[in-house]
Amino acid sequence: MAKRRLTNQQKIRIQAIQDKRRKRQETQANASLAGAESEHTSKGRVIIRHGATLGVEDETGSLIQCQTRQNIGHPVCGDRVIFQLTGNASGVVTALLPRNSVLSRPDYSGREKPLAANLTQLVVVLAPKPEPSGYLLDQYLVTAEIIRVKPLIAINKIDLLEGAQSVRFYANLAHYQTIGYPTVRVSAKQEHGLDGLIDRLKGETSILVGQSGVGKSSLINALLPEHDVETGILSQATGLGRHTTSAATLYTLSQGGELIDSPGVRSFRLTDLSREELEQGFPEFRPYIGQCRFHNCTHEHEPDCAIRAAMSEGKLSPQRLENFRRLSQTSNRKPG
Ligand SMILES: Nc1nc2c(ncn2[C@@H]2O[C@H](COP(=O)(O)OP(=O)(O)OP(=O)(O)O)[C@@H](O)[C@H]2O)c(=O)[nH]1
Ligand SMILES: [Mg+2]
Ligand SMILES: [Zn+2]
């Protein structure tokens, strides 16, 4: 208890220091407008983080390599920051500006680690190869609901689909469209369907997420031909990607919008959610929430369960309910 109070106090103090730096920056900006001398602090955008080093783009579009002051939090790709120049193209980040949203992943010790900030859209990239995981897709879709960003499903490598295989592939994903998740079909390789994707990216800060090898970086290359982002081949033995991209990186699209490439994952662990939060992550469940006989129904075995009844009537997808149950068993450690 005492430890927690101390931590909160520390947080308040760190917050106050950052607020002061922000205010100082604002005053300086005003002073420099008035032609007065100013210490050189500027606002910037983190476009990449490599270990402790940040690539910060200043307001003129120049890239400054920055270290960060301790105790200001953990700036990540997409963060807005205040930095001070220490050299020609080097500096130190002194404050982290408030975030509109943040995508985190638990690290090996289970602690939340931010991956990217100020997102407005989460684009889950799937492909026929490597084979999609509905469980991973559902985890990302729940995450989009929880961090309040728009979800988008991008099916890439459609050039690999033909005939019966194609019909089967789309049939397995059809329920996402029924629920209302926007979906685009593209081929980064053949540059097919990109206009539909570009339309959805305009005016948004989007992050491409998904398994390694689905073609996230290839999509960046197709959308931004002036960049040549490294892409990897799939392993012949396992059909899986080789984790080619190692750090989230923000790109600006000429058609409008910002797009973040991110390292592929094999699995994604949701942060601890209460059952209520998890239910909110499945928007098609909403009409039935509160309709079960028991208010704390787990939708597994209780009598008069509205969710299971809806599934039997074909109104809810059995795969989604299965993933909901799996997630409520693994991520549901927080009391509701
Ligand atoms: N046939 C086909 N292959 C593609 C397409 N897009 C990407 N690929 C191939 O898929 C492989 C993996 O692509 P990447 O872009 O490196 O995948 P990634 O999602 O960035 O992978 P990580 O960085 O490891 O997460 C490469 O061999 C690409 O050439 C596509 O539209 N069609
Ligand atoms: Mg990549
Ligand atoms: Zn129920």
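Each value, and the rule that gives it
Residues numbered from 1 in each chain as written. Chains lettered and ligands numbered in written order. Predicted model: local features only at pLDDT ≥ 70, side-chain atom pairs only at ≥ 80, totals over all residues. Helix = DSSP H or I, 4+ residues; strand = E, 2+ residues; numbered from the N terminus. Rg over C-alpha atoms; globule rule 2.2 N^0.38 Å. Buried ≥ 20, exposed ≤ 12 C-beta atoms within 10 Å, placed from the backbone. Contact = placed C-beta atoms within 7 Å. Domains from an automatic or database assignment. Nonpolar A, V, L, I, M, F, W, Y, C, P; charged D, E, K, R; others polar. Near = placed C-beta within 6 Å. Expected span 1.5 Å × (residues − 1). Bend = angle between axes of the 7 residues up to and from the residue. Pairing = 2+ DSSP bridges. Core = buried A, V, L, I, M, F, W, Y, C linked by C-beta atoms within 7 Å. pLDDT = per-residue confidence, 0-100. Axes fitted to C-alpha atoms, helices over the stretch in contact; angles between N-to-C directions. Parallel < 35°, antiparallel > 145°, perpendicular 65-115°, else oblique.

S.K.: Help me understand the overall build of the protein in this model?
M.R.: Along the protein, the regular secondary structure elements total 8 helices and 13 strands. In terms of overall size, the protein behaves like a compact globule, its C-alpha atoms giving a radius of gyration of 22 Å where 336 residues would be expected to give roughly 20 Å. Principal axes of the C-alpha set define a box for the protein whose edges measure 70 × 55 × 40 Å. With 336 residues in all, the protein has 33% of them scored as buried. Contacts in the protein between residues at least 24 apart in sequence constitute 63% of all its contacts with a sequence separation of at least 6.

S.K.: Explain the domain arrangement of the protein here, please?
M.R.: Quite often, the size of an interface is put as the accessible area lost when its parts meet. For the protein, the assigned domains read domain 1 (2-26 + 38-96), domain 2 (102-261) and domain 3 (275-330). Across the contact, 10 residues belong to domain 1 and 12 residues belong to domain 2. The element best represented in the side of domain 1 that touches domain 2 is strand β1 (residues 41-50), accounting for 4 residues. A per-class count over the side of domain 1 that touches domain 2 returns 4 nonpolar, 3 polar and 3 charged.

S.K.: Which parts of the structure should I look at to understand the site of ligand 1?
M.R.: Inspection of the region around ligand 1 gives 25 residues, with Gly-215, Ser-218, Thr-231, Thr-245 and Gly-264 positioned closest. Partitioned by chemical class, the residues of the shell around ligand 1 number 6 nonpolar, 14 polar and 5 charged.

S.K.: Hey, could you run me through helix α3 (residues 163-179) in this one?
M.R.: Think of an α-helix as turning once every 3.6 residues; residues three or four places apart then point the same way. An ideal rise of 1.5 Å per residue puts 24 Å on 17 residues; α3 measures up with 25 Å between its terminal C-alpha atoms. Along α3, the largest kink reaches about 45 degrees and is centred on Leu-173. Where α3 terminates, the next one or two residues include Gly-180, which has phi positive at roughly 115 degrees.

S.K.: Any chance you could explain unusual backbone geometry here in plain terms?
M.R.: It is generally the case that most residues other than glycine have a negative phi and that most peptide bonds are trans. Residue Lys-129 is joined to Pro-130 through a cis peptide bond whose omega torsion reads -10 degrees. Examined against the element boundaries, Pro-130 turns out to sit in the loop between β8 (121-126) and α2 (134-146). In this structure, Arg-148 takes a positive phi of about 60 degrees despite not being glycine. By the secondary structure assignment, Arg-148 is in the loop between α2 and β9 (150-155). With a phi close to 65 degrees, Lys-157 is a non-glycine residue in the positive phi region. Here Lys-157 lies in the loop between β9 and α3. Given 22 C-beta atoms within 10 Å, Lys-157 falls into the buried group.

S.K.: Looking at this structure, I do not really get the pairing of strand β3 (residues 63-68). What am I missing?
M.R.: Regular strands have side chains that alternate between both faces of the sheet. Of the two faces of β3, only the one carrying Ile-64, Cys-66 and Thr-68 is buried; Leu-63, Gln-65 and Gln-67 on the other face are not. With 4 bridges connecting them, strand β2 (residues 53-58) and β3 associate as antiparallel partners. Each residue of the ladder has a partner; that of Gly-55, found in β3, is Gln-65. The turn joining β2 and β3, which pair antiparallel and follow one another in sequence, is formed by 4 residues; a positive phi near 95 degrees is taken by Gly-61. Both β3 and strand β5 (residues 90-96) contribute to a ladder of 4 bridges, which runs parallel. Across the sheet, residue Gln-67 finds its bridge partner in β5, namely Val-92.

S.K.: So what exactly am I meant to see when it comes to the nonpolar core here?
M.R.: Buried together is how nonpolar side chains tend to be arranged in soluble globular proteins. Of all hydrophobic cores here, the largest spans 65 residues; its most connected members are Ala-116, Leu-122, Val-123, Val-124, Val-125, Ala-154 and Ile-207. Ignoring anything within four residues of it in the chain, the contact list for Ala-154 reads Val-123, Val-125, Val-184, Val-186 and Leu-197.

S.K.: In this structure, what is going on with helix α5 (residues 216-223)? I would like to understand it.
M.R.: Counting buried positions along α5 gives 6 out of 8 residues, so the element sits mostly inside the fold. Three or more residues of α5 are buried, namely Lys-216, Ser-217, Ser-218, Leu-219, Ile-220 and Leu-223. Tucked inside the fold, the buried residues of α5 contact β8, α4 (194-201), β11 (205-209), β12 (249-252) and β13 (258-261).

S.K.: What's the story with the confidence of the model for the protein in this structure? I'm lost.
M.R.: If pLDDT is low for a region, its predicted coordinates should not be looked at in detail. On average, residues of the protein score 90 in pLDDT, and 92% of them reach the 70 mark or higher. Throughout residues 32-38 the model reports pLDDT below 50, and contacts reaching past four residues in sequence, or to other chains, amount to 4 contacts.

S.K.: Explanation requested: the packing of α2 against helix α8 (residues 318-330) in the structure shown.
M.R.: Geometrically, a packed helix pair is captured by the angle between its two axes and the distance between the axes. Where α2 contacts α8, the axes come no closer than 10 Å and their chain directions differ by 70 degrees. Considering the angle they form, α2 stands roughly perpendicular to α8. Between α2 and α8, the contacting residues are Gly-134, Tyr-135, Asp-138, Gln-139 and Val-142 on the first element and Gln-319, Arg-320, Asn-323, Arg-326 and Leu-327 on the second. For the contact of α2 with α8, a count of residues per class yields 3 nonpolar, 4 polar and 3 charged.

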